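Report on the structure
The lines below spell out each chain.
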Amino acid sequence: MGKKGIFIVIEGLDGSGKTTQATLLAKKLSQNHNIMLTAEPSRGKIGTFIRDGCLYEEKRLPTEAEALLFAADRIEHMQKEIKPALDEGKLVICDRYVYSSLAYQGSAGLSLDWIKTINARALQADFAIFIDVAPERVLERLQRKKSVMETLKTQQKVREVYLKYVEKGELVRVDGDKPKDVVADALYATVLGLLKTFKGFVS
Ligand code: TMP
């Protein structure tokens, strides 16, 4: 039997507020839905290795190896957490998914087709949203130690890939260059609109 839940992905640049927005969205939707809020890199073995092991310059791995690790983490995350939650009829909100690999590892020079191939076994999201904030603004917001992904040029390149998928209609853009509550309301309205298109999903 196919899955019963709905799988929503939230994407954005580092420091775009997407984690805060995903949390606010989960809170709002939890009034009427059974929610699972999760994120990638995941908290599983591979995700923990990625967070501890390769996001900073001194520990950097070849980009291909990074892409394979993100894809491997995704499979583990999908099989152990996302799929079971969807099978229970939950609405799963995932903070980053395949589009992060396309945007980050793609803008680092890897072929988008190859990234899609190594992610072919990952369950497809029902819809994905890109919270769009200017790269200059996200860098101002990042006070902590910046990972290798977090330079202006990198963020600009990453945004370009995300926008390509917005143009293709695969990602829905939400303007993130607004006060937090305004973005949260826009995101919630967008998701409610998209949920209405899912016949058979009980809200
Ligand atoms: P986070 O800041 O949302 O926790 O993500 C950690 C970093 O991992 C962020 O700089 C984006 C990067 N990343 C990739 O490069 N490729 C991926 O597939 C994922 C999931 C994250």
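Located above this text is the structure these notes cover.
Quick look at the structure, then. (Residues numbered from 1 in each chain as written. Predicted model: local features only at pLDDT ≥ 70, side-chain atom pairs only at ≥ 80, totals over all residues. Heavy atoms only, no water.)

To continue, consider helix α3 (residues 63-87). Taking 1.5 Å per residue as the helical rise, α3 with its 25 residues ought to reach 36 Å, and the 34 Å between its terminal C-alpha atoms agrees with that figure. Maximal helix bending in α3 amounts to about 50°, located at M78. Just downstream of α3, G89 is the residue with a positive phi angle, here 90°. (Helix = DSSP H or I, 4+ residues; strand = E, 2+ residues; numbered from the N terminus. Expected span 1.5 Å × (residues − 1). Bend = angle between axes of the 7 residues up to and from the residue.)

A separate point is the packing of aromatic side chains. In this description, a pair of aromatic rings is defined by centroid distance and the angle of the planes. Taken as a whole and judged by the stated rule, the model has three aromatic pairs. Considering the side-chain rings of F7 and Y97, the 4.9 Å spacing of their centres and the 80° angle between planes classify their relative orientation as edge-to-face. Taken together, the residues span a long stretch of sequence, with F7 in strand β1 (residues 6-12) and Y97 in the loop between β3 (91-95) and α4 (98-107) at a distance of 90 residues. Its relative accessible area of 0% is what places F7 among the buried residues. (Phe/Tyr/Trp six-rings, centres within 6.5 Å; stacked < 30°, edge-to-face > 60°. Buried < 20%, exposed > 50% of the residue type's maximum accessible area, 1.4 Å probe, protein only.)

Where a strand is regular, its side chains alternate between the two sheet faces. Of all the five residues making up β3, five are buried; the element is thus mostly covered by neighbouring parts of the structure. Burial along β3 is two-sided: the residues L91, I93 and D95 and V92 and C94 are all buried.

With respect to the secondary-structure elements, L163 resides in helix α7 (residues 152-167). The exposure class assigned to L163 is partly exposed, which follows from its relative accessible area of 24%. Considering only alpha carbons, one finds L163 and V98, 65 residues apart in sequence, at a separation of 15 Å. Discounting chain neighbours no more than four positions away, the residues touching L163 are F130, D132 and R173. (Contact = heavy atoms within 4.5 Å.)

Our focus in this paragraph is the site of the ligand. Every one of the 14 residues lining the ligand counts as a neighbour, but D14, K18, R96, S101 and Q105 are closest to it. In this structure, R51 approaches the ligand through a side-chain N or O atom, which is 3.0 Å from an oxygen atom. Note that an oxygen atom of the ligand is positioned 2.9 Å from one of the side-chain N or O atoms of R74. Bound to the protein, the ligand loses 91% of the 480 Å² it would expose on its own. The set of elements that each furnish at least two residues to the shell around the ligand consists of α3 and α4. Per-element accounting of the shell around the ligand gives the leading share, four residues, to α4. Broken down by class, the residue content of the shell around the ligand amounts to five nonpolar, three polar and six charged. (Near = heavy atom within 4 Å. Polar contact = N/O pair within 3.5 Å; in protein donor to acceptor, adjacent residues only side chain to side chain. Areas by Shrake-Rupley, 256 points an atom, 1.4 Å probe, with all protein chains shown as cover. Nonpolar A, V, L, I, M, F, W, Y, C, P; charged D, E, K, R; others polar.)

Here we come to the layout of surface pockets. Think of a ball as big as a water molecule: rolled over the atoms, this probe shows where empty space is left. In this structure, the second largest pocket occupies an estimated 330 Å³ of space. Around the second largest pocket, the lining is made up of 15 residues, and of these V98, Y99, Q124, A125 and E170 lie nearest the centre. Those elements giving two or more residues to the lining of the second largest pocket turn out to be α4 and β4 (127-132). Counting residues per element, the lining of the second largest pocket draws most heavily on α4, which supplies three residues. The class makeup of the residues in the lining of the second largest pocket is 10 nonpolar, two polar and three charged. (1 Å grid on protein atoms, 1.4 Å probe; cavity = no way out; pocket = protein on both sides within 12 Å on 5 of 7 lines; lining within 4 Å. Points joined across faces, edges and corners; volume = space filled by probe spheres on them.)

Purely spatial values, then, with no claim about function.
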